[in-house]
Amino acid sequence: MAVHCPECGFVNSDAANYCQKCGAYLGDLQAPEESSTATYRIDEATGELVPVEIEELVAREGAALVVRAGGGRVGESFPLDHDRMTIGRRPDSDVFLDDVTVSRDHAMIVRRGEEIHLDDLGSLNGTYVNRRRIESQRLEDGDELQIGKYKLTFLSR
C-alpha cells in the first residue's frame, strides 16, 4: 500500500513516517497498526544482547533513547540515567554511534530541571528532531532524533 503526501502528492512507501520529497508528516494517513520493536542493551561484561522491557526501563530511569533505524542496531536502548550524556562516534561516548556521518562529539543530552534537552555540539552534518535541524531542543515523548544514519526515538514517562 502506498501513502500519498497531503502536501505535495508524492507517493511514499507505506512504512514512511515523513514524505521523501517534502518532509511532511505522514503518520496520521497510515492505517493504525500496533508496531513494536524488540528492545535490548549490550551487556558490558559479556557483550551479549540482553532483552529490555522498554516500559520498565522508562519507568525506572524516566527516559530512554531507542534506535529505530541505522547501523544494524535497531532496538538497542540507552537509558538516560545521567544529567549529561554524550552522543557521538567516540567509542567512550555514552551513546556510541559508529558512522562516518556522526561527529566524534556530535550532541549531548542534558537534564535541565525536569526537562531533557538535546544540544548539538557543532556537528558537521547536524542534529535533527522530528526532521528539523536543531541547535538545542527540549525533547518530548515520542520525538524522532536523527544523528547521521541513525534514527532514534525519545521515550519518557
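Residues numbered from 1 in each chain as written. Predicted model: local features only at pLDDT ≥ 70, side-chain atom pairs only at ≥ 80, totals over all residues. Heavy atoms only, no water.

Draft legend 1. Structural view of the overall build of the chain. Each helix and strand in the chain was counted, giving one helix and 15 strands. Counting over 157 residues, the chain shows a buried share of 40%. Restricting to contacts in the chain with at least 6 residues of sequence separation, those with at least 24 account for 32%. (Helix = DSSP H or I, 4+ residues; strand = E, 2+ residues; numbered from the N terminus. Buried < 20%, exposed > 50% of the residue type's maximum accessible area, 1.4 Å probe, protein only. Contact = heavy atoms within 4.5 Å.)

Draft legend 2. Summary view of the side chain of Asp-120. Residue placement: Asp-120 occurs in strand S10 (residues 115–120). Arg-133 provides the closest opposite charge to the buried, salt-bridge-free Asp-120, at an N-O distance of 5.7 Å. One polar contact links Asp-120 to Ser-123, side chain to side chain, over a distance of 2.6 Å. When near neighbours in sequence (up to four residues on either side) are disregarded, Asp-120 contacts His-106, Ala-107, Gly-126, Thr-127, Ile-134 and Glu-135. (Lys, Arg positive; Asp, Glu negative; His and termini not counted. Salt bridge = Lys/Arg side-chain N within 4 Å of Asp/Glu carboxyl O. Polar contact = N/O pair within 3.5 Å; in protein donor to acceptor, adjacent residues only side chain to side chain.)

Draft legend 3. Highlighting the confidence of the model for the chain. Scored by pLDDT, the chain comes out at a mean of 83, with 82% of its residues at no less than 70. Mean pLDDT across the elements of the chain ranges from a minimum in helix H1 (residues 54–61), with 59, to a maximum in strand S13 (residues 136–138), with 97. Scored below 50 in pLDDT, residues 30–34 shows six contacts in the model against residues more than four places distant or in partner chains. (pLDDT = per-residue confidence, 0-100.)

Draft legend 4. Structural context of the pattern of salt bridges. On inspection of all chains with the given rule, the structure shows six salt bridges. Two residues, Asp-83 and Arg-111, come together in a salt bridge whose shortest N-O distance is 4.0 Å. Here Arg-111 lies in strand S9 (residues 107–112) and Asp-83 lies in the loop between strand S6 (77–79) and strand S7 (84–88), a separation of 28 residues in the sequence. Overall, the relative accessible area of 52% leaves Asp-83 in the exposed class. Arg-111 gets classed as partly exposed once you look at its relative accessible area, which sits at 27%.

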